[in-house]
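Take a look at the letters that make up each chain.
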Amino acid sequence: MPIMDAVRLLVRDVRATVLPDPADRHGPLPPVMLALTVVTGLVDSFSYLALGHVFVANMTGNVVFSGFALAGAAGFSLAASLAALAAFAAGALLGGRTAHRCRAHRGRVLRLALVLETVLVLAAYAVARYQAPLHAAWTRYPLIVLLGLAMGVQNATARALAVPDLTTTVLTLTITGVAADSRAAGGPGGRTGRRALSVLAMFAGALVGAFAVRYGDPSLPLLIATLLLVGCTLKAFTLARSDASWTDPL
(Lines give C-alpha, C1' and ligand atoms only; values in the text may rest on other atoms or scores of the structure.)
Protein backbone atom coordinates (compact mmCIF):
# COMPACT_ATOMS: atom_id res chain seq x y z
CA MET A 1 0.00 0.00 0.00
CA PRO A 2 1.41 3.43 -0.92
CA ILE A 3 2.40 5.56 2.06
CA MET A 4 -0.20 8.26 1.35
CA ASP A 5 -2.96 5.67 1.16
CA ALA A 6 -1.85 4.25 4.51
CA VAL A 7 -1.87 7.73 6.04
CA ARG A 8 -5.35 8.45 4.70
CA LEU A 9 -6.59 5.15 6.12
CA LEU A 10 -5.04 5.98 9.48
CA VAL A 11 -6.62 9.44 9.57
CA ARG A 12 -9.99 8.01 8.57
CA ASP A 13 -9.78 5.44 11.37
CA VAL A 14 -8.86 8.11 13.93
CA ARG A 15 -11.73 10.32 12.80
CA ALA A 16 -14.19 7.43 12.93
CA THR A 17 -13.12 6.71 16.52
CA VAL A 18 -13.22 10.28 17.82
CA LEU A 19 -16.28 11.33 15.76
CA PRO A 20 -18.08 8.05 15.11
CA ASP A 21 -20.93 7.57 12.69
CA PRO A 22 -24.21 7.36 14.69
CA ALA A 23 -25.20 4.45 12.46
CA ASP A 24 -22.10 2.46 13.42
CA ARG A 25 -22.68 -0.73 15.44
CA HIS A 26 -21.04 0.90 18.47
CA GLY A 27 -22.50 4.35 17.89
CA PRO A 28 -21.10 7.04 20.20
CA LEU A 29 -19.32 4.61 22.54
CA PRO A 30 -15.72 4.80 21.17
CA PRO A 31 -14.88 8.36 22.38
CA VAL A 32 -16.31 7.55 25.81
CA MET A 33 -14.13 4.46 26.02
CA LEU A 34 -11.11 6.54 25.02
CA ALA A 35 -11.83 8.94 27.89
CA LEU A 36 -12.03 5.98 30.28
CA THR A 37 -8.65 4.81 28.99
CA VAL A 38 -7.21 8.19 30.02
CA VAL A 39 -8.77 7.64 33.46
CA THR A 40 -6.92 4.33 33.71
CA GLY A 41 -3.59 6.05 33.06
CA LEU A 42 -4.34 8.73 35.66
CA VAL A 43 -5.43 6.28 38.33
CA ASP A 44 -2.58 3.83 37.84
CA SER A 45 -0.01 6.64 37.87
CA PHE A 46 -1.41 7.72 41.24
CA SER A 47 -1.46 4.23 42.72
CA TYR A 48 2.01 3.28 41.54
CA LEU A 49 3.77 6.54 42.38
CA ALA A 50 1.84 7.69 45.45
CA LEU A 51 0.85 4.40 47.08
CA GLY A 52 3.98 2.38 46.40
CA HIS A 53 4.51 -0.28 43.77
CA VAL A 54 0.90 -1.33 43.27
CA PHE A 55 -1.54 -0.99 40.39
CA VAL A 56 -5.30 -0.68 40.76
CA ALA A 57 -6.15 -1.23 37.08
CA ASN A 58 -3.33 -3.37 35.66
CA MET A 59 -3.84 -6.70 37.38
CA THR A 60 -1.10 -8.43 35.39
CA GLY A 61 1.34 -6.08 37.10
CA ASN A 62 0.00 -7.00 40.54
CA VAL A 63 0.38 -10.71 39.88
CA VAL A 64 4.01 -10.09 38.90
CA PHE A 65 4.53 -7.78 41.89
CA SER A 66 3.21 -10.51 44.19
CA GLY A 67 5.95 -12.80 42.92
CA PHE A 68 8.54 -10.06 43.46
CA ALA A 69 7.30 -9.53 47.00
CA LEU A 70 7.43 -13.23 47.84
CA ALA A 71 11.00 -13.32 46.54
CA GLY A 72 11.90 -10.49 48.92
CA ALA A 73 12.44 -7.76 46.31
CA ALA A 74 12.61 -4.33 47.91
CA GLY A 75 9.72 -1.90 47.47
CA PHE A 76 6.96 -4.45 46.81
CA SER A 77 4.15 -5.39 49.18
CA LEU A 78 2.35 -8.71 48.90
CA ALA A 79 -0.51 -7.37 51.04
CA ALA A 80 -0.99 -4.32 48.81
CA SER A 81 -0.95 -6.39 45.61
CA LEU A 82 -3.42 -8.91 47.01
CA ALA A 83 -5.68 -6.12 48.27
CA ALA A 84 -5.71 -4.58 44.78
CA LEU A 85 -6.45 -7.95 43.17
CA ALA A 86 -9.30 -8.66 45.59
CA ALA A 87 -10.82 -5.19 45.21
CA PHE A 88 -10.58 -5.34 41.42
CA ALA A 89 -12.26 -8.76 41.37
CA ALA A 90 -15.05 -7.47 43.62
CA GLY A 91 -15.49 -4.45 41.35
CA ALA A 92 -15.58 -6.69 38.28
CA LEU A 93 -18.27 -8.78 39.98
CA LEU A 94 -20.28 -5.63 40.69
CA GLY A 95 -19.74 -4.40 37.13
CA GLY A 96 -20.80 -7.76 35.75
CA ARG A 97 -24.01 -7.75 37.77
CA THR A 98 -24.70 -4.23 36.55
CA ALA A 99 -24.12 -5.25 32.94
CA HIS A 100 -26.40 -8.27 33.19
CA ARG A 101 -29.10 -6.24 34.93
CA CYS A 102 -29.22 -3.66 32.10
CA ARG A 103 -28.04 -5.89 29.26
CA ALA A 104 -31.01 -5.03 27.03
CA HIS A 105 -29.66 -1.47 26.57
CA ARG A 106 -25.92 -0.77 26.29
CA GLY A 107 -26.39 2.91 27.12
CA ARG A 108 -27.99 2.02 30.45
CA VAL A 109 -25.17 -0.40 31.21
CA LEU A 110 -22.72 2.45 30.70
CA ARG A 111 -24.76 4.94 32.73
CA LEU A 112 -25.11 2.79 35.83
CA ALA A 113 -21.47 1.66 35.72
CA LEU A 114 -20.19 5.21 35.35
CA VAL A 115 -22.27 6.44 38.28
CA LEU A 116 -20.71 3.72 40.44
CA GLU A 117 -17.20 4.39 39.19
CA THR A 118 -17.49 8.15 39.60
CA VAL A 119 -18.66 7.82 43.21
CA LEU A 120 -15.79 5.46 44.02
CA VAL A 121 -13.08 7.64 42.42
CA LEU A 122 -14.53 10.78 44.01
CA ALA A 123 -14.41 9.06 47.40
CA ALA A 124 -10.79 8.07 46.75
CA TYR A 125 -9.95 11.67 45.83
CA ALA A 126 -11.48 12.88 49.11
CA VAL A 127 -9.40 10.38 51.08
CA ALA A 128 -6.21 11.25 49.20
CA ARG A 129 -6.81 14.99 49.52
CA TYR A 130 -7.75 15.20 53.16
CA GLN A 131 -6.24 12.11 54.79
CA ALA A 132 -2.44 12.05 55.10
CA PRO A 133 0.11 10.59 54.81
CA LEU A 134 -0.69 8.49 51.76
CA HIS A 135 1.82 5.76 52.62
CA ALA A 136 0.20 5.12 56.01
CA ALA A 137 -1.80 1.88 56.11
CA TRP A 138 -5.04 3.62 57.19
CA THR A 139 -4.87 5.77 54.05
CA ARG A 140 -3.13 3.46 51.59
CA TYR A 141 -5.42 0.44 51.84
CA PRO A 142 -8.76 2.31 51.66
CA LEU A 143 -7.42 4.03 48.53
CA ILE A 144 -6.35 0.73 46.99
CA VAL A 145 -9.77 -0.78 47.72
CA LEU A 146 -11.79 2.19 46.42
CA LEU A 147 -9.76 2.51 43.23
CA GLY A 148 -9.55 -1.25 42.68
CA LEU A 149 -13.33 -1.47 42.93
CA ALA A 150 -13.72 1.41 40.47
CA MET A 151 -11.35 -0.09 37.94
CA GLY A 152 -12.98 -3.50 38.27
CA VAL A 153 -16.36 -1.96 37.48
CA GLN A 154 -14.85 -0.13 34.50
CA ASN A 155 -13.13 -3.21 33.13
CA ALA A 156 -16.23 -5.39 33.44
CA THR A 157 -18.29 -2.72 31.72
CA ALA A 158 -15.80 -2.37 28.87
CA ARG A 159 -15.92 -6.14 28.46
CA ALA A 160 -19.71 -6.12 28.33
CA LEU A 161 -19.86 -3.26 25.83
CA ALA A 162 -17.16 -4.97 23.73
CA VAL A 163 -16.10 -1.99 21.61
CA PRO A 164 -13.24 -3.43 19.50
CA ASP A 165 -9.72 -2.40 20.61
CA LEU A 166 -11.04 -0.14 23.38
CA THR A 167 -10.83 -2.26 26.51
CA THR A 168 -9.80 0.86 28.55
CA THR A 169 -7.33 -1.13 30.67
CA VAL A 170 -5.35 -3.82 28.82
CA LEU A 171 -3.06 -2.72 26.00
CA THR A 172 -1.01 -5.87 25.42
CA LEU A 173 -3.45 -7.32 22.89
CA THR A 174 -4.01 -3.89 21.37
CA ILE A 175 -0.31 -3.43 20.66
CA THR A 176 -0.09 -7.01 19.43
CA GLY A 177 -2.93 -6.32 17.03
CA VAL A 178 -1.20 -3.27 15.58
CA ALA A 179 1.84 -5.36 14.67
CA ALA A 180 0.35 -8.78 13.97
CA ASP A 181 -2.55 -7.51 11.83
CA SER A 182 -0.44 -5.04 9.86
CA ARG A 183 0.14 -5.45 6.15
CA ALA A 184 3.85 -5.76 6.91
CA ALA A 185 3.01 -8.96 8.80
CA GLY A 186 0.83 -10.18 5.96
CA GLY A 187 -2.37 -9.23 7.75
CA PRO A 188 -5.37 -7.23 6.52
CA GLY A 189 -4.44 -4.03 8.35
CA GLY A 190 -7.24 -1.83 9.68
CA ARG A 191 -8.13 -0.23 13.00
CA THR A 192 -4.56 0.97 13.42
CA GLY A 193 -5.76 4.46 14.18
CA ARG A 194 -8.14 3.30 16.90
CA ARG A 195 -5.50 1.09 18.45
CA ALA A 196 -2.94 3.88 18.39
CA LEU A 197 -5.45 6.24 20.03
CA SER A 198 -6.03 3.72 22.80
CA VAL A 199 -2.30 3.51 23.52
CA LEU A 200 -1.91 7.29 23.37
CA ALA A 201 -4.89 7.83 25.67
CA MET A 202 -3.42 5.69 28.42
CA PHE A 203 0.02 7.22 27.86
CA ALA A 204 -1.44 10.71 28.16
CA GLY A 205 -3.24 9.84 31.39
CA ALA A 206 -0.11 8.30 32.87
CA LEU A 207 2.04 11.25 31.80
CA VAL A 208 -0.30 13.87 33.25
CA GLY A 209 -0.75 11.82 36.41
CA ALA A 210 2.99 11.36 36.89
CA PHE A 211 3.66 15.09 36.48
CA ALA A 212 0.90 15.87 38.97
CA VAL A 213 2.21 13.43 41.59
CA ARG A 214 5.83 14.49 41.20
CA TYR A 215 5.48 18.24 40.86
CA GLY A 216 2.06 19.10 42.25
CA ASP A 217 -0.54 17.67 44.60
CA PRO A 218 -0.42 13.83 44.67
CA SER A 219 -4.22 13.73 44.75
CA LEU A 220 -4.52 15.77 41.54
CA PRO A 221 -4.64 12.74 39.18
CA LEU A 222 -7.74 11.55 41.03
CA LEU A 223 -9.37 14.97 40.73
CA ILE A 224 -8.73 15.01 36.98
CA ALA A 225 -10.02 11.44 36.70
CA THR A 226 -13.16 12.41 38.63
CA LEU A 227 -13.82 15.37 36.33
CA LEU A 228 -13.43 13.14 33.26
CA LEU A 229 -15.78 10.59 34.79
CA VAL A 230 -18.37 13.26 35.58
CA GLY A 231 -18.27 14.34 31.93
CA CYS A 232 -18.61 10.74 30.75
CA THR A 233 -21.46 10.13 33.19
CA LEU A 234 -23.40 13.16 31.96
CA LYS A 235 -22.93 11.90 28.41
CA ALA A 236 -24.07 8.44 29.49
CA PHE A 237 -27.36 9.84 30.84
CA THR A 238 -28.04 11.14 27.33
CA LEU A 239 -27.01 7.86 25.72
CA ALA A 240 -29.26 5.89 28.07
CA ARG A 241 -32.29 7.62 26.49
CA SER A 242 -31.31 6.62 22.96
CA ASP A 243 -33.26 4.04 20.99
CA ALA A 244 -30.69 3.75 18.19
CA SER A 245 -29.55 0.35 16.98
CA TRP A 246 -26.16 0.57 18.77
CA THR A 247 -27.96 0.26 22.12
CA ASP A 248 -29.02 -3.32 21.32
CA PRO A 249 -26.98 -6.03 23.09
CA LEU A 250 -24.27 -7.75 21.09
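Residues numbered from 1 in each chain as written. Predicted model: local features only at pLDDT ≥ 70, side-chain atom pairs only at ≥ 80, totals over all residues. Heavy atoms only, no water.

K.L.:
Can you break down the overall build of the protein chain residue by residue, with the values?
P.N.:
Across its full length, the protein chain carries 9 helices and 0 strands. When its helices and strands are written in sequence order, the protein chain yields α-α-α-α-α-α-α-α-α. Relative to its length of 250 residues, the protein chain is compact, with a C-alpha radius of gyration of 19 Å against a globular reference of 18 Å. Summarising its shape, the C-alpha atoms of the protein chain cover approximately 55 × 40 × 30 Å along the three principal directions. Per-residue burial over the protein chain gives 46% buried out of 250 residues. Expressed as a percentage of contacts within the protein chain between residues at least 6 apart in sequence, the contacts between residues at least 24 apart total 71%. Carbon and sulfur atoms make up 68% of the accessible area of the protein chain, which totals about 12,000 Å². With 20 positive and 11 negative side-chain charges, the protein chain shows a separation of 5 Å between the mean positions of the two kinds. (Helix = DSSP H or I, 4+ residues; strand = E, 2+ residues; numbered from the N terminus. Rg over C-alpha atoms; globule rule 2.2 N^0.38 Å. Buried < 20%, exposed > 50% of the residue type's maximum accessible area, 1.4 Å probe, protein only. Contact = heavy atoms within 4.5 Å. Areas by Shrake-Rupley, 256 points an atom, 1.4 Å probe, with all protein chains shown as cover. Lys, Arg positive; Asp, Glu negative; His and termini not counted. Charge placed at Lys NZ, Arg CZ, Asp CG, Glu CD.)

K.L.:
Go over unusual backbone geometry with me, naming the residues and quoting the values.
P.N.:
If you check the backbone angles, Ala162 has positive phi at about 55° while not being a glycine. Position of Ala162 relative to the elements: it lies in the loop between helix H6 (137-161) and helix H7 (172-180). Residue Asp165 is not a glycine yet carries a positive backbone phi of 65°. By the secondary structure assignment, Asp165 is in the loop between H6 and H7.

K.L.:
Describe the side chain of Arg140, and please don't skip the residues or the numbers.
P.N.:
Here Arg140 shows up in helix H6. The charged side chain of Arg140 is buried without a salt bridge, its nearest counter-charge being Asp44 at 12 Å. Not counting residues within four places of it along the chain, the set of residues in contact with Arg140 comprises Leu51, Gly52, His53, Ser77, Ala80, Leu134 and His135. (Salt bridge = Lys/Arg side-chain N within 4 Å of Asp/Glu carboxyl O.)

K.L.:
Outline the pattern of salt bridges, listing residues and values.
P.N.:
All told, the structure shown has 2 salt bridges when counted by the stated rule. Note that Arg129 is salt-bridged to Asp217, the shortest N-O span being 3.6 Å. Of this pair, Arg129 sits in helix H5 (residues 106-130) while Asp217 sits in the loop between helix H8 (192-215) and helix H9 (220-239); the two residues are 88 residues apart in sequence, bridging distant segments of the chain. Residue Asp217 is classed as partly exposed on the basis of its relative accessible area, which comes to 30%. Its salt-bridge partner being Asp165, residue Arg195 comes within 2.9 Å of it at the nearest N-O pair. With Arg195 in helix H8 and Asp165 in the loop between H6 and H7, the pair connects residues that are 30 residues apart, well separated along the chain. Each member of the pair, Arg195 together with Asp165, is buried.

K.L.:
Lay out the nonpolar core with the relevant residues and their values.
P.N.:
Among the nonpolar cores identified, the biggest contains 51 residues, and Val43, Phe46, Leu110, Leu147, Met151 and Leu222 are the most heavily contacted of them. Looking at this core, the elements that each hand over two or more residues are helix H2 (29-50), helix H4 (78-101), H5, H6, H8 and H9. Broken down by element, this core gets its largest block of residues, 11 residues, from H2. Ignoring anything within four residues of it in the chain, the contact list for Phe46 reads Leu51, Ala128, Leu134, Leu143, Leu147, Val213, Pro218, Ser219, Pro221 and Leu222. (Core = buried A, V, L, I, M, F, W, Y, C linked by side-chain atoms within 4.5 Å.)

K.L.:
If you had to explain helix H3 (residues 59-70) to someone new, which residues and values would you point to?
P.N.:
End to end, H3 covers 17 Å across 12 residues, agreeing with the expected 16 Å (1.5 Å per residue, within 8%). Buried within H3 we find Met59, Gly61, Asn62, Phe65, Ser66 and Ala69. Along the axis of H3, the buried positions cluster into a sector of 145°, meaning they face one direction only. Every exposed residue of H3 that faces more than 90 degrees away from the buried side is listed here: Thr60 and Val63. Along its buried surface, H3 packs onto H2 and H4. (Expected span 1.5 Å × (residues − 1). Arc of directions from axis to C-beta.)

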